[in-house]
Amino acid sequence: MNSEFLGRAMPWLVTAGTLALWEGLCRLFRVPEFILPAPLRILAATIEYWDAIWFHASHTLVMTLIGFALAVVFGLLLGIAVGSSRLAYQGLYPLLIGFNSVPKVAIVPVLVIWFGVGAIPAILIAFLMSFFPIAVNVATGLATVEPELEDVLRSLGAKPRDLILKVGLPRSMPFFFASLKIAITLAFVGAVISESIASSRGIGTLMVQASADFRVALVFAGLMVTAVMGIVMYAFFAVIEQHTTQWANRKMEMEV
Amino acid sequence: MSAPSASSFVNINGVSLVYGKKDQTKALDELNMAITEGQFVAVVGPSGCGKSSLMKLVTGLRPPTSGTIDVGGQRIDRPLKIVGMAFQNPTLLPWRRTLSNVMLPMEIVEPHRHSFRADRKQHEARALALLDSVGLDGFATKFPWQLSGGMQQRASLCRALMHEPSLLMLDEPFGALDAFTREELWDVLQDIWLAQKCTTILVTHDLREAVYLADKVFVMSARPGRIIETYDVTFPRPRRPDLVFDPAFAEIVQHLRENIRHQRHVPQAASAGRAAS
């Protein structure tokens, strides 16, 4: 009971401890604000500029979610194709790996040439960064179906579509939901990266402008807001994961 | 050796199976088997003799390299649709409750798949009756991972029987269970077979299991597998657990064991088997 409570409190304690240490060190060594602002100063800046921060952050959130939604659809389809067909796997996998190895920052200028500065590059980068883990995880779930189970179904006259719908997809759902919480944070990183290079709105733009103006506290306020939004989105999908694929997390008691 | 005849339900005629293209492994060599409708046969042999390959051939999941297989008067050239299968691994779907696991075949087999929703009540009643007959009443709403190994295997048997298959293929279904559970399930299986009388092929390495359950035991040689003996078991049914202490029972098991051991040491000596009774 006690250790369970401690387990729940740990994330808060460690975060609070880190911030307290940061604050303490800044005061002890009199670190100038333009090098590293102390947490309380950052909090003050966050409150002071809240309207501007929310104006930009909400835009980033929308970009992230649109890119992420595209990634879920596309990642699922690609994962099903790669996971259920050996030929598709052999043909597409090297290409996918190669594509995923390209730093997405390098693609932003190309997207700007094609689509101009603004929302589309941000959405596309968010999408490009997050579809890969989804596709790979779904493909893994599909490709690792037990051969005996396949035999059972095929001996009943199952069509390839039956195998995917009745076995492959349900089986890959835990992999899918596990990948969502990784993918959402990647989508967020992608949106911020793109905005900080080519956009007139978004938390990335805000931070670039603030650092150009030497308002370091505001830069850090942007970083903090980014971190908190990342954690919230991760937690949201972690909860969804727990509730949708109960059978894969057999932590509950044997009821027999 | 039993000659293939027109009256048999399963007819395996001179079947060979070779794996691989470069390093060819001969899994089965000139296999002949004839099984009459409603018969319970067991296939025994040393490990790696190609028993499981035989299962894949008979169900049409894999084509033979040479020879022919007929089931119910039809040449097998694609997966059969009238087969129920169960393996050593219960392979239940962990996201479905036991009841819907058992009903799975009805969602796939023609023609039931088209009317699955409409006939759901009927299917449910049949699935529950099956679960009842293997002693799983009250577990229909449990998930597979809430069941013990023996219970999962019972559910797997129910799934294999759900669509009233005319051929039941069992590949070491009790291989992973403890001795008590296994012998309990022998009786469960025998009772089901006595009630349904579907043709059953049981692949096993347990000689006692083969003799206890089967009308006819096929003994296979080490790789490349072929039938070296066909033994008819004539104990009356229903057979009950005391039977294993019967000297006649022990004698048959001993005889089969000798035979398998002998041909393992001198594989060349294995000639065409002799029929005993």
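Residues numbered from 1 in each chain as written. Chains lettered and ligands numbered in written order. Predicted model: local features only at pLDDT ≥ 70, side-chain atom pairs only at ≥ 80, totals over all residues.

## Things to note about the overall build of chain B
Then step 1. A tally of regular secondary structure across chain B gives seven helices and eleven strands.
Then step 2. What you see for chain B is a C-alpha radius of gyration of 19 Å, in line with the 19 Å of a compact globule of 277 residues.
Then step 3. Principal-axis analysis of the C-alpha atoms gives chain B an extent of 55 × 45 × 35 Å.
Then step 4. Burial status across chain B gives 44% buried among its 277 residues.
Then step 5. Considering only contacts within chain B whose residues lie at least 6 apart along the sequence, 72% involve residues at least 24 apart. (Helix = DSSP H or I, 4+ residues; strand = E, 2+ residues; numbered from the N terminus. Rg over C-alpha atoms; globule rule 2.2 N^0.38 Å. Buried ≥ 20, exposed ≤ 12 C-beta atoms within 10 Å, placed from the backbone. Contact = placed C-beta atoms within 7 Å.)

## Some points on the overall build of chain A
Then step 1. Within chain A, the regular secondary structure consists of ten helices and zero strands.
Then step 2. In sequence order, the secondary structure elements of chain A are arranged as α-α-α-α-α-α-α-α-α-α.
Then step 3. Across the 256 residues that make up chain A, the buried fraction comes to 36%.

## A closer look at the nonpolar core
Then step 1. Counting 84 residues, the largest nonpolar core has C158(B), A214(B), V217(B) and V219(B) as its most contacted members.
Then step 2. If we skip the residues at most four places from it in the chain, V217(B) touches A42(B), V44(B), A210(B), V211(B), Y231(B), V233(B) and L256(B). (Core = buried A, V, L, I, M, F, W, Y, C linked by C-beta atoms within 7 Å.)

## Examining the interface of chain A and chain B
Then step 1. At the junction of the two partners, chain A supplies 20 residues and chain B supplies 23 residues.
Then step 2. Mapped by element, the contributors of at least two residues to the side of chain A that touches chain B are helix 7 (147-154) and helix 8 (160-197) of chain A.
Then step 3. Among the elements that line the side of chain A that touches chain B, the one with the most residues is helix 7 of chain A, at six residues.
Then step 4. Here the residues of the side of chain A that touches chain B sort into ten nonpolar, two polar and eight charged. (Nonpolar A, V, L, I, M, F, W, Y, C, P; charged D, E, K, R; others polar.)

## What about the pairing of strand 3 (residues 40-44) of chain B?
All names here are of chain B.
Then step 1. Of all five residues in strand 3, five are buried, a share of seventy percent or more.
Then step 2. Side chains F40, A42 and V44 project from strand 3 onto one buried face, and the interleaved V41 and V43 project onto a second face that is buried too.
Then step 3. The pairing of strand 3 with strand 8 (residues 199-203) spans four bridges and is parallel. Bridge pairing in strand 8 links F40 to T200. (Pairing = 2+ DSSP bridges.)

## Looking at the domain arrangement of chain B
Residues and elements named next belong to chain B.
Then step 1. Split into domains, chain B comes out as domain 1 (1-82 + 166-245 + 256-277) and domain 2 (92-163).
Then step 2. If you average the C-alpha positions of domain 1 and of domain 2, the two centres end up 26 Å apart.
Then step 3. Across the boundary between the two partners, domain 1 contributes twelve residues, which contact twelve residues of domain 2.
Then step 4. Considering each element in turn, the side of domain 1 that touches domain 2 owes the most residues, six residues, to helix 5 (residues 179-196).
Then step 5. Residues of the side of domain 1 that touches domain 2, tallied by class, amount to nine nonpolar, two polar and one charged. (Domains from an automatic or database assignment.)

## Description of the sheet that holds strand 1 (residues 10-19) of chain B
Residue and element names in this part refer to chain B.
Then step 1. Strands sit in the order 2-1-4-5 across an open sheet of four strands; the sheet is antiparallel. The open sheet has two free edges, formed respectively by strand 2 (25-35) and strand 5 (74-75), since each of these has just one partner strand.
Then step 2. Bridge analysis of strand 1 against strand 4 (residues 66-71) gives five bridges, and the strand direction is antiparallel. The residue of strand 4 that forms the bridge with S16 is S66.
Then step 3. Each of strand 1, strand 2 and strand 4 is contacted by helix 1 (residues 51-58), which is oriented at about 120 degrees to strand 1, the strand it contacts most. (Axes fitted to C-alpha atoms, helices over the stretch in contact; angles between N-to-C directions.)

## Concerning the environment of T91(B)
Then step 1. Along the chain, T91(B) turns up in the loop between strand 6 (83-87) and helix 2 (98-108).
Then step 2. Measuring from C-alpha to C-alpha, the distance between T91(B) and Q152(B) comes to 8.7 Å, with 61 residues separating the pair along the chain.
Then step 3. With residues up to four places along the chain from it excluded, the contact list for T91(B) reads E146(A), E148(A), L149(A), V152(A) and S156(B).

## Section: helix 10 (residues 216-244) of chain A
Residue and element names in this part refer to chain A.
Then step 1. Over its 29 residues, helix 10 extends 42 Å from the first C-alpha to the last, a length consistent with the 42 Å expected when each residue adds 1.5 Å.
Then step 2. Here helix 10 has its buried residues at A217, L218, V219, F220, A221, G222, V225, T226 and M233.
Then step 3. The inward-facing, buried residues of helix 10 abut helix 2 (39-48), helix 3 (50-84), helix 8 and helix 9 (203-212). (Expected span 1.5 Å × (residues − 1).)

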